[in-house]
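# Survey of secondary and tertiary structure
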Amino acid sequence: MARHAHKRIECGLSTPQATARTMKDSAETLGIGTRLAQLGRMSDAHYGFVNTPLYRGSTVLFKTLDDLQHERARYSYGTAGTPTVESLESAWSALSAAAGTALAPSGLGAVTLALLTALNSGDHLLMPDSVYLPTRALCGKLLARFGIQTTYYDPMLGAGLAALIRPNTSTIFLESPGSQTFEVQDVPAITALARERALTTVIDNTWATPLFFRAHEHGCDLVVEAGTKYLSGHSDILLGLVSANERLWPRLKETYRSMAMLPGAEDCYLALRGMRTLHIRLQEAERRGLALAEWLAAQPQVATVLHPALPSCPGHSFWKRDFTGSTGVFSFILRPGFSRDDLARMLDAMRIFGMGYSWGGFESLIIPFDCRSYRTATEWRAPGLCLRVQVGLEDLEDVRNDLRAGLDRLAGRGA
Ligand SMILES: *Cc1c(COP(=O)(O)O)cnc(C)c1O
């Protein structure tokens with residue numbers, strides 16, 4: 001377990017969406033487990049039931065003409081919020097030390113919502129070369145259609161990013177660690193630069209979650225989380241969250257209300273359910289991820305392990321300085337000389353690891369990746385084939401044995 005794993009997470013609870021429950025605790029500093037158990041609950045409004053029920057609804061009825069014309073009601077219409085949606089939003093704002101949160105029907109939807117909040121047409125956007133691939137497609141296609149130019153930057157740049165700022169640059173996007181390749185960025189250096197130049201920063205914080213990286217406290221304006229991953233924890237929903245600081249919250253709220261692209265009620269309910277056990281699952285992900293990463297680093301078929309908590313990962317020192325933990329998704333690079341057939345022999349016969357996209361669920365996953373073809377600001381020079389793993393909640397011994405057998409097959413040994 002990493003050195004910070006048990007550090008208490010102290011978050012501000014001031015949010016306009018805060019429920020009575022969260023307000024009550026605002027003066028205290030509670031441990032993360034306690035907070036995850038208490039946030040976003042409105043039992044008094046629901047006959048004492050522990051969980052906010054699943055509200056489905058478009059129409060909300062008003063009692064009088066006066067109420068209707070003055071929208072005098074706690075809730076006015078389905079797109080303007082329900083108790084289920086509000087429970088999740090207020091819990092996430094409190095957890096993230098944000099001024100407010102807006103939801104989206106997927107993680108990519110949340111990236112889109114955040115970028116449409118930050119950008120105006122004709123703006124210039126800075127994007128890390130290690131960004132989640134569909135985010136790159138969003139910039140190259142949809143945003144380009146609205147006259148937004150994107151320049152990709154080396155994710156290891158900190159204050160050096162200043163050289164790429166143009167007169168029309170408005171936004172710096174960060175994703176730390178990077179998708180697949182796990183470069184950890186110097187977030188404080190970048191947010192300091194952004195503040196100095198009056199730029200907006202947006203970070204995709206999906207890997208760390210607010211439990212292991214306090215993005216707003218490190219100066220980020222908008223923070224994206226694919227709730228599809230660890231918040232859900234069970235590979236059964238798609239969800240995105242965008243939290244904003246005081247400066248960006250009015251603009252995020254306005255953008256969200258203009259589009260009203262919200263997740264389904266049931267997915268919000270399941271995200272709240274996932275939130276109650278997030279700390280326990282992340283602690284396990286961290287313990288298993290580190291054990292597996294260290295074991296892999298010692299295997300003869302493996303050249304390098306890209307895990308933010310290991311010194312072999314670019315930006316490891318930033319991880320050590322800024323993060324309070326690591327999760328269970330990381331990559332490793334094989335030694336040169338293995339063919340695609342070798343890889344197929346390894347992967348096709350895995351018994352525990354499934355092959356598939358996404359991560360953060362209870363099941364272990366493994367996928368090969370190759371980012372040589374789309375990187376533009378940096379050259380990806382891995383010595384061999386690259387694999388990303390997500391360690392699930394299966395017994396670690398079984399998980400390790402599955403990988404060991406796979407590496408044996410790769411090397412032409414074993415069945
Ligand atoms: C998965 C992921 C997303 C997108 O989430 P979806 O819900 O699958 O759209 C965005 N960013 C990162 C870093 C992700 O890993």
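Computed from a predicted structure; not experimentally measured.

### Some words on the sheet that holds strand β11 (residues 386-390)
Read from one edge of the open sheet, four strands run β8-β9-β11-β10, paired in antiparallel fashion. On the outer flanks of this sheet lie β8 (302-306) and β10 (365-369), each paired with one strand and no other. Taken pair by pair, the neighbouring strands of this sheet meet at an average axis angle of 25°, ignoring direction. Bridging between β8 and strand β9 (residues 329-334) involves four bridges; their strand directions are antiparallel.

### A look at the site of the ligand
Around the ligand lies a shell of 13 residues, among which G107, L108, D204, T228 and K229 are the nearest. Separating an oxygen atom of the ligand from a backbone N or O atom of L108 is a distance of 2.9 Å. Note that an oxygen atom of the ligand is positioned 2.5 Å from one of the side-chain N or O atoms of T228. In the complex, the protein chains occlude 90% of the 380 Å² of accessible area that the ligand would expose alone.

### Re the pattern of salt bridges
The full count for this structure, using the stated rule, is 16 salt bridges. The partner of E284 in a salt bridge is R288, with the nearest N and O atoms 2.7 Å apart. Linking E284 with R288, this pair stays in helix α11 (residues 278-297), spanning four residues, or about one helical turn. A relative accessible area of 23% places E284 in the partly exposed class. With a relative accessible area of 10%, R288 lands in the buried category. In this structure, R372 engages D370 in a salt bridge whose closest nitrogen and oxygen atoms are separated by 2.7 Å. By relative accessible area, R372 is classed as exposed at 58%.

### Here's the deal with the sheet that holds strand β7 (residues 240-244)
Within the open sheet, the seven strands sit side by side as β1-β7-β6-β5-β4-β2-β3. Their pairing is mixed. Single-partner strands in this sheet number two, and they are β1 (100-104) and β3 (149-153). Mean inter-strand twist for the sheet, computed between neighbouring axes without regard to direction, equals 20°. As defined by bridge partners, strand β6 (residues 222-226) adjoins β7 across five bridges and the pair is classed as antiparallel. Its bridge partner being in β7, E225 is matched across the sheet by L241. The strands touched by helix α4 (residues 83-96) are β1, β6 and β7; relative to β1, the strand with the most contacts, the crossing angle is about 130°. Docked against the sheet, helix α7 (residues 187-196) engages β3, β4 (169-175) and β5 (200-204), running at close to 170° with respect to β4.

### With respect to the packing of helix α5 (residues 107-118) against helix α9 (residues 249-259)
Packed helices, taken two at a time, are described by their axes: the angle between them and the distance between them. Following both chains from N to C, one finds α5 and α9 inclined at 120°, their axes separated by 9 Å at the closest point. Between α5 and α9, the angle is such that the two are oblique. For the pair α5 and α9, the sense of crossing is right-handed. On the side of α5, the interface is formed by L113, L116, T117 and A118, while α9 contributes R251, L252, T255, Y256 and M259. Each residue belonging to the contact of α5 with α9 can be placed in one class, and the counts come to six nonpolar, two polar and one charged.

### Details of the nonpolar core
With 83 residues, the main nonpolar core has F332 and M346 as its most contacted residues. Mapped onto the domain boundaries, this core takes at least three residues apiece from domain 1 (53-275) and domain 2 (285-410). With sequence-adjacent residues up to four places away left out, M346 is seen in contact with F332, I366, L387, L403, G406, L407, R409 and L410. Counting residues in each nonpolar core, the second largest holds 28 residues, with L113, M127, Y152 and L248 among its members.

### What to know about the domain arrangement of the chain
One frequently used descriptor of interface size is the decrease in accessible area upon assembly of the parts. Each assigned domain of the chain is listed with its residue range as follows: domain 1 (53-275) and domain 2 (285-410). Domain 1 and domain 2 are separated by 28 Å when their C-alpha centres are compared. On the side of domain 2, 36 residues touch domain 1, which itself brings 32 residues to the contact. Buried surface at the junction of domain 1 and domain 2, summed over both partners, amounts to about 3,000 Å²; 61% is from carbon and sulfur atoms. On the domain 1 side of the contact with domain 2, Q180, W207 and F212 bury the most area, a combined 25% of that side's loss.

### Overview of unusual backbone geometry
Geometrically, the link from S176 to P177 is a cis peptide bond, its omega value of -5° lying close to zero. Structurally, P177 can be placed in the loop between β4 and α7. Its identity as a non-glycine residue notwithstanding, F182 has a phi of 65°, on the positive side. Mapping F182 onto the fold places it in the loop between β4 and α7. Taking relative accessible area as the criterion, F182 reaches 3% and is therefore assigned buried.

### Quick look at the packing of α11 against helix α14 (residues 396-410)
Closest axis-to-axis distance for the α11/α14 pair is 11 Å, and the angle between their directions is 30°. In this view, α11 runs roughly parallel relative to α14, as classed from their interaxial angle. Relative to α14, the crossing made by α11 is right-handed. On the side of α11, the interface is formed by R287, R288, A291, L292, W295 and L296, while α14 contributes L396, V399, R400, L403, R404 and L407. When grouped by side-chain class, the residues that make up the contact of α11 with α14 number eight nonpolar, no polar and four charged.

The rules behind these values
- Residues numbered from 1 in each chain as written.
- Predicted model: local features only at pLDDT ≥ 70, side-chain atom pairs only at ≥ 80, totals over all residues.
- Heavy atoms only, no water.
- Pairing = 2+ DSSP bridges.
- Helix = DSSP H or I, 4+ residues; strand = E, 2+ residues; numbered from the N terminus.
- Axes fitted to C-alpha atoms, helices over the stretch in contact; angles between N-to-C directions.
- Near = heavy atom within 4 Å.
- Polar contact = N/O pair within 3.5 Å; in protein donor to acceptor, adjacent residues only side chain to side chain.
- Areas by Shrake-Rupley, 256 points an atom, 1.4 Å probe, with all protein chains shown as cover.
- Salt bridge = Lys/Arg side-chain N within 4 Å of Asp/Glu carboxyl O.
- Buried < 20%, exposed > 50% of the residue type's maximum accessible area, 1.4 Å probe, protein only.
- Contact = heavy atoms within 4.5 Å.
- Parallel < 35°, antiparallel > 145°, perpendicular 65-115°, else oblique.
- Left-handed = near helix turned anticlockwise from the far one by under 90°.
- Nonpolar A, V, L, I, M, F, W, Y, C, P; charged D, E, K, R; others polar.
- Core = buried A, V, L, I, M, F, W, Y, C linked by side-chain atoms within 4.5 Å.
- Domains from an automatic or database assignment.
- Buried area = accessible area lost by both parts, 1.4 Å probe.

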